[in-house]
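Spelled out from the first residue to the last, the chains are:
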Amino acid sequence: MRGAWLIMKKELLELSKDRRTLFFTFAMPLILYPVIFGVMGKMSMRDEADRKSRPSRVYLVDPGSVLAPALQADPKDFQIVAAPEGGLSKALRDKKLEMALEVPASASEDLKAQRTLALTATINRAEDDSQLALKRLNDLLKTQDKTWVDTRLQALNASPQLAEPSKVEVKNAADLALELGKSLGIWIPYIILISMFSSVMGHGSSMTAGERERGTLMSLLSTRISRGQIALGKLMALFALGALSVVSNVAGSAIGFNMLGHDIAAQSAATGAPATTSLLQMASPSTLGLTLLLLVPVSLVMVAFVMTVGIRAKSQREAATALMPGMFVIIMLGVFSMAPGIEKMSIIPFVPIINASVAIREMFGQQFNWVHYLLALGINTTAAIAFTALATKTLNREDVLFKS
Amino acid sequence: MIQLRDVHKSFDVRDKRTRKKMRVDAVRGISLNVEPGEIYGLLGPNGAGKTTTLRMIAGLMKPDQGSIEVCGLDTRTRGEDVRGKLAYLATDMQVYERFTPREQLRLFGEMQGVEAATAERRGMHLLERLRLSDFADVKMNTFSTGQKQKVNIARALLHDPKAVIFDEPTTGLDVLTAKTVLDLLQLMKSEGRAVIVCTHAMPMAEDICDRVGIIFDGKLHGDAPPRDLLRARHARSLDEVFFQLAGESEAAIA
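Per chain, residues are indexed from 1 in the order of the written sequence. Note on labels: chains are lettered from A, ligands numbered from 1, in written order. Local features are withheld for residues below a pLDDT of 70 in this predicted model, meaning they are given only at 70 or higher, and side-chain atom pairs are given and counted only at 80 or more; totals for whole chains, interfaces and linings count all residues.

**Overview of the overall build of chain B**
Then, number 1: The helix and strand tally for chain B stands at nine helices and ten strands.
Then, number 2: Relative to its length of 254 residues, chain B is compact, with a C-alpha radius of gyration of 19 Å against a globular reference of 18 Å.
Then, number 3: Over its C-alpha atoms, taken along the principal directions, chain B stretches across nearly 55 × 40 × 40 Å.
Then, number 4: Per-residue burial for chain B yields a buried fraction of 46% across its 254 residues. Secondary structure follows DSSP: runs of H or I at least 4 residues long count as helices, runs of E at least 2 residues long count as strands, and numbering of each begins at the N terminus. Here the globule rule is a power law, 2.2 Å times the number of residues to the power 0.38, and the radius of gyration is based on C-alpha atoms. Burial is judged by counting other C-beta atoms within 10 Å of a residue's own C-beta: 20 or more means buried, 12 or fewer means exposed, and anything between counts as partly exposed, with every C-beta placed from the backbone.

Rendered as structure tokens:
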């Protein structure tokens, strides 16, 4: 093992002198995620708040003046505008207005005859402002409909509750932490898998094909350290780098999410909605600990795969090209693991990597399943051992080491 | 000290045009001995099998047939121990450019089983001898080819090996640096080490080698002191012997 430790020490020492790589691997996620979540989140919320503060511009055709008074009575939500030039579709596309509302000429008679009033609302579904205008119209019509129905029922001397035979009161059994944890649990495995593999891929290419390309592999092989120890040392170094990269990415996400959480909390407080919680509140120490334990064999699978492919390549570029399919597989597995209902497929607990992803999701969603977890741990550990053996065997092959 | 007995080595290669696999016999029945305190020159054209032979001696490759022993250790079964007693330096070996010479020597010393402080001390001594001690703490990405080669030589000798194999030790070096390296080889010989030098520089081989062997098509020819070889072949230089052997080899193939 001493040989393996020395090789690991060599790799980490070499990396420690590459400040640029260190920055992009470990420091960048701590800056990037808070920027993404924090700044973009703030921008998104500001945009949302700004949209809600502006009234929706509506071109209203209402010959009988049936809805016009209701819209005019709510200047906070509606602003009636003149007929647009160049046509309705163009005006909606060019964001000159948010909605066109047509009330039929027979509206008054329809209401008197207790016929359903058929309105035509034209919006641009691709625009959030237009969607908001429609939502405001539906809210207004809900209130207006109740008024009309109550009036009709009063005229019939009937109870207002005649129009509401049943009512559903929704009580949420999940606390906000559970809801957010469930959402986060879908994303966290994806972030972890992608960040781990991309970090391992880059460093792994450098440690294998890169070492051959730089002409230092032969120096290592000519020492008394066995090839098995050299392979193990590189695996250990790569694993350490992958693990640190994951920590950095998850920490960056946590910081960003907390920044966003504070803004949401401030907004929630103003509207009276429940406050958000931090990542640590959503995931208990045991959840985080079990997640990290499960990630050990998963990262070893990736590390050993990268080394096996990398050592066969003549250059780093060749290694990176050969590893790209692996990256696509990881992305696909990550996306697949986010699909709703995936955990119900009977084969999933037996598929390496994806079973770990689903187990992590279940843990964050507070639906921990011991069987799924132990299967994921066992299967990924077996895969890690197999790939490690393959990587070591590959490093021992003369036709691989001395290919020209 | 270094003993090869009827060593054979073949490789499978693929003909890119016909896509057929071919078996290439790189080394065909080579036997030689190198004693302590002797410099043995291994000469031959490109692709003759020199590097393959040296890699087998260094325990990096295993022979298909025959045996190789270094200091009484079989390279096939005791490869790691062989590399602990032997120094192998090839032209395609580079330094770790992000390290300083001191860092690299300390690390490789530890890899060869030398305690860190001892490795550093020996390394500094070797750098002094190679006139590189002023640059011991400078990152090697700024070093010239000659400077890097000196560090590699120091790295190879750090663990006080009993046998030394140098593949093209003076390639790419200026005259002064090349002389330093040759003086070092003589010093190693005087210290009782067995030295194998692989080179294309025939005059150098004539000057410093106690015996030379010329490899052609994987076979060893003329395993003798240079003077004896010249006399036997009625040649004035090893270049002439080389051309004679090349001609004989082509005639044999034809």
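**As for the pairing of strand 9 (residues 211-216) of chain B**
Residue and element names in this part refer to chain B.
Then, number 1: The element strand 9 is extensively covered by neighbouring structure, given that six of its six residues are classed as buried.
Then, number 2: Residue alternation in strand 9 divides its side chains into two sets, Arg211, Gly213 and Ile215 and Val212, Ile214 and Phe216, and both sets are buried.
Then, number 3: Criterion used throughout: strands pair if DSSP finds at least two bridges between them. In terms of strand pairing, strand 3 (residues 38-43) meets strand 9 through four bridges, oriented parallel. From the neighbouring strand, Leu43 faces strand 9, where its bridge partner is Ile214.
Then, number 4: Of the strand pairs in this sheet, strand 9 and strand 10 (residues 219-224) are connected by four bridges, and their pairing is antiparallel.

**Quick look at the confidence of the model for chain B**
Low-pLDDT portions of the prediction should not be read for the details of their coordinates.
Then, number 1: Confidence in the prediction of chain B, expressed as mean pLDDT, is 89, and 98% of residues score 70 or more.
Then, number 2: Reported confidence for the predicted complex is 0.88 by ipTM and 0.78 by pTM. In predicted models, pLDDT denotes the confidence assigned by the predictor to each residue on a 0 to 100 scale.

**Brief notes about the interface of chain B and chain A**
Then, number 1: Contacts between chain B and chain A engage 20 residues on the former and 17 residues on the latter.
Then, number 2: When contributions to the side of chain B that touches chain A are tallied by element, the ones reaching two or more residues are helix 2 (79-85) and helix 3 (101-111) of chain B.
Then, number 3: If one sorts the elements of the side of chain B that touches chain A by residue count, helix 3 of chain B sits on top with four residues.
Then, number 4: When the residues that make up the side of chain B that touches chain A are grouped by side-chain class, the tally is ten nonpolar, four polar and six charged. It is the C-beta atoms, placed from the backbone, that decide contacts: two residues are in contact if theirs lie within 7 Å. Residues are grouped as follows: Ala, Val, Leu, Ile, Met, Phe, Trp, Tyr, Cys and Pro are nonpolar; Asp, Glu, Lys and Arg are charged; all remaining types, including Gly, are polar.

**A few points about helix 4 (residues 116-129) of chain B**
Residues and elements named next belong to chain B.
Then, number 1: To estimate the expected span of a helix, subtract one from its residue number and multiply by 1.5 Å. With 14 residues, helix 4 extends 20 Å between its outermost C-alpha atoms, agreeing within 8% with the 20 Å of an ideal straight helix rising 1.5 Å per residue.
Then, number 2: Every buried residue of helix 4 is listed here: Ala119, Gly123, Leu126 and Leu127. Take helix 4 and look down its axis: the buried residues cluster within an arc of 100 degrees, on one side only.
Then, number 3: Against the buried residues of helix 4 lie helix 3 and helix 5 (145-157).
Then, number 4: Just past helix 4, the residue Arg131 takes up positive phi, approximately 60 degrees. The reported arc concerns the directions from the helix axis to the C-beta atoms and nothing else.

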